[in-house]
Amino acid sequence: MSETMIAYLAARRLDEALQVMADGDATVLCGGTDLAPQTESGSRQYKAKLLNIRRIEGLGSIEAKGDEIRIGATTTVAAVRRSAMLAEIAPVLVEAAEHFASEQIRNAASVGGNLCNASPAGDMIPPLLVLGASVELACWQGGAVRMRRIPLERFFVGPGKTVMLAQELLTAVVFDRPAANFIARFRKSGPRPALEISAVSLALGARAAGGRLSDVRVAMGSVAPTPLRARHVEAALEGKSLDVATIAAAVAAAGQDAKPIDDVRASAWYRGHLVRVFLEEVLNDVRGN
Amino acid sequence: MTSAETEIIFKLNGREVCLKVPVTMKTLAMLRDKLGLTGTKYACGEGECGACTINVDGKTVNSCLMYAVDCDGREVVTIEGLRTPDGLHPVQQAFVDHGAVQCGFCMPGMIMQAQYLLENNPGLSREQARRGLEGNLCRCTGYTKVLDAVEALVDRSKCAAAAGRAAS
C-alpha cells in the first residue's frame, strides 16, 4: 500500500469502527508508539485504511463491575499507573506501568496496543497473565457487534502474532477481582530502569495462606517467542509449604519453562540465569512477608 | 495524492490552526516542516530521547510518534508556546540561571517535560524529577544542573503556596 493512498478514519463509536474493519483492510491506530517506529522502519506495512480508535466512547476507562475488573483498550499506561482502584485491587499492574518506557510514552501508549503488539517483552503482559486476564475481541458480523473472549495466555502465538482476526478489535482486558489473600510480584530487567525493553520479566500471582501458595500463576517475558505461563514452576509451588526446598525446586523447574534465545539485548545464558534469580527473589520476598 | 490528506483543526499555542496533513505524517514533521515551528527537535525519531516532547491536552508526548491527524480537536503546546508576554517562561529562566543548558539541542523537550512535571506534581521531589525526566536524554549536562533548575522551581512554588496559606 502506497502511503499516499491510505484513507484515514477517526471513529467515535465501536460499531462504526468495526464496520470499517469488516473487510480486514484497516491498520488500527491508538497511541502510535509502536505503529510509528514499525512503519517508519518498514517492519510493518499500512493497510488501505488507517483507523484511529482513540476517540471511541467507552474504550478508555478502568471499571469494576461486580467482581470483574475491566480495562478498556485505549486506556493509557499512564492512567493505569495513576489508577487508585488498580493500586488497591491489582498493585502489580501499577508496578509494571511504573517502569514502562518513559512518561511521554506512558501518556500515549495504550494497554490494548501493548497486548496487540504481542512483543515477548510487553511489560503489561506478565502481570495480566498472573491475574488470569482475558481479552475481549469485537467484530462486525451479520449487521451487529459480536464479542468473544480469549484467555490472555491463549492470545499470543508468536512475536507480533496473536489469534485476533484482521476484522477484530481488542476492546478490553478483563479479570476477576483477586481474592483477599492474593499476592503478586513483578520484576523486569535491563541496563537502565527507564525506556528499557525487558531482557527478562517475571510475574508471580497466588493466594497465600498458612505459609503455602495456591492457585499459583507464574508468567515470564522475553524467554520464549511469546510471554508464557511457567507451568513447571507453578506445579513445583502449588499447595506446597513455601520453604527453602520448595523455592529451590521451583527455581530448578524454571529451566523447563524458559526457552530463551541470544539477541542484541541479552544472551540466552544470561536470560536463563536472570529468570531464576528473579524467581528466587520474588519467592523469598513473599516468604519474608 | 490529495486523497491521502486529511484536514485537521486544532489549537496550537493558543491559536486555532486548520491545515491538511498526509495521513501518516507525524506531528513533529507537521510542526517543523508545515508550520515552521522548529523549536521542537528531531533526534532519534523513535521515542527514546524526548527531544521532540510537546504537550497535548495537558500531557507530554513524543511528537515523533504521534500521528499529525490525531491532533484534530486537541490543544497542542510547543516550546514556542511556553514563552510569556514578559519574556522567558519561569522554567526556561531557571534553566538559564542554573547553567543547565550546554549545546541546547535537547532543551526544548527537556523544558517541556520539566514544565509538565512541575505543573502536575506540587512539591515535586528531586527523585520524582529524575523519574519524570527519564525519557529525555542530554549528552552535555550530566543532568545535575537540569535537576538543580527544576528543584529551584519547586522550592519557589512551595514558598508561594506557603505564602498563600499564610495570607488567607
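Residues numbered from 1 in each chain as written. Chains lettered and ligands numbered in written order. Predicted model: local features only at pLDDT ≥ 70, side-chain atom pairs only at ≥ 80, totals over all residues.

(A) Structural context of the overall build of chain A. Secondary structure assignment for chain A yields eleven helices and 14 strands. For a compact globule of 289 residues, the expected C-alpha radius of gyration is about 19 Å, and chain A comes in at 19 Å, within 12% of that figure. Overall size of chain A, expressed as C-alpha extent along the three principal axes, is 60 × 45 × 35 Å. When the 289 residues of chain A are sorted by exposure, 52% land in the buried category. At a minimum sequence separation of 6, the contacts of chain A that also span at least 24 residues come to 64%. (Helix = DSSP H or I, 4+ residues; strand = E, 2+ residues; numbered from the N terminus. Rg over C-alpha atoms; globule rule 2.2 N^0.38 Å. Buried ≥ 20, exposed ≤ 12 C-beta atoms within 10 Å, placed from the backbone. Contact = placed C-beta atoms within 7 Å.)

(B) Structural view of the sheet that holds strand S5 (residues 75-77) of chain B. All names here are of chain B. A sheet is described by the order of its strands in space; here five strands give the open sequence S2-S1-S5-S3-S4, paired in mixed fashion. What marks the edges here is a single partner per strand, and that holds for strand S2 (15-22) and strand S4 (59-62). Across this sheet, the average inter-strand angle for adjacent strands is 40°, counted without regard to direction. In the packing of helix H4 (residues 107-120) onto the sheet, the strands contacted are strand S3 (53-56) and S4, and the crossing angle to S3 comes to about 40°. (Pairing = 2+ DSSP bridges. Axes fitted to C-alpha atoms, helices over the stretch in contact; angles between N-to-C directions.)

(C) Structural view of the sheet that holds strand S4 (residues 62-65) of chain A. Residue and element names in this part refer to chain A. One open sheet holds the five strands; their spatial order is S4-S5-S10-S6-S7, and the pairing between them is antiparallel. This sheet does not close on itself; its edge strands, each paired only once, are S4 and strand S7 (144-151). Averaged over neighbouring strand pairs, the angle between their axes works out to 25° when direction is ignored. Sheet contacts for helix H1 (residues 14-21): strand S6 (134-141), S7 and strand S10 (169-176); angle to S6, the most-contacted strand, approximately 70°.

(D) Structural detail: the interface of chain B and chain A. Each side of the interface is counted separately: chain B has 26 residues, and chain A has 25 residues. Looking at the side of chain B that touches chain A residue by residue, the class counts come to eight nonpolar, eleven polar and seven charged. (Nonpolar A, V, L, I, M, F, W, Y, C, P; charged D, E, K, R; others polar.)

(E) The arrangement of helix H11 (residues 268-288) of chain A in detail. Over its 21 residues, H11(A) extends 30 Å from the first C-alpha to the last, a length consistent with the 30 Å expected when each residue adds 1.5 Å. Those residues of H11(A) that are buried are in contact with strand S11 (182-189), strand S12 (200-209), strand S13 (212-221), helix H9 (231-237) and helix H10 (244-257) of chain A. (Expected span 1.5 Å × (residues − 1).)

(F) Broad picture of the domain arrangement of chain A. Residues and elements named next belong to chain A. According to the domain assignment, chain A consists of domain 1 (3-52), domain 2 (62-175) and domain 3 (182-288). On a C-alpha basis, the centroid separation for the pair domain 2 and domain 3 is 21 Å. Counting residues at the interface gives 22 residues for domain 2 and 24 residues for domain 3. Tallied by class, residues from the side of domain 2 that touches domain 3 come to 14 nonpolar, five polar and three charged. (Domains from an automatic or database assignment.)

(G) Here's a closer look at the nonpolar core. A:Leu51, A:Val173 and A:Val275 are the most contacted members of the largest nonpolar core, which totals 140 residues. Broken down by element, the residue count for this core peaks at eight residues, all from H4(B). Setting aside residues no more than four positions away along its own chain, A:Leu51 makes contact with A:Leu9, A:Ala11, A:Ala17, A:Val20, A:Met21, A:Ala26, A:Thr27, A:Val28 and A:Leu29. (Core = buried A, V, L, I, M, F, W, Y, C linked by C-beta atoms within 7 Å.)

(H) Representation of the domain arrangement of chain B. Residues and elements named next belong to chain B. Domain annotation for chain B reports domain 1 (2-79) and domain 2 (90-167). In this assembly, twelve residues from domain 1 lie in contact with eleven residues from domain 2. The element that contributes the greatest number of residues to the side of domain 1 that touches domain 2 is S3, accounting for three residues. For the side of domain 1 that touches domain 2, the class distribution of residues is five nonpolar, six polar and one charged.

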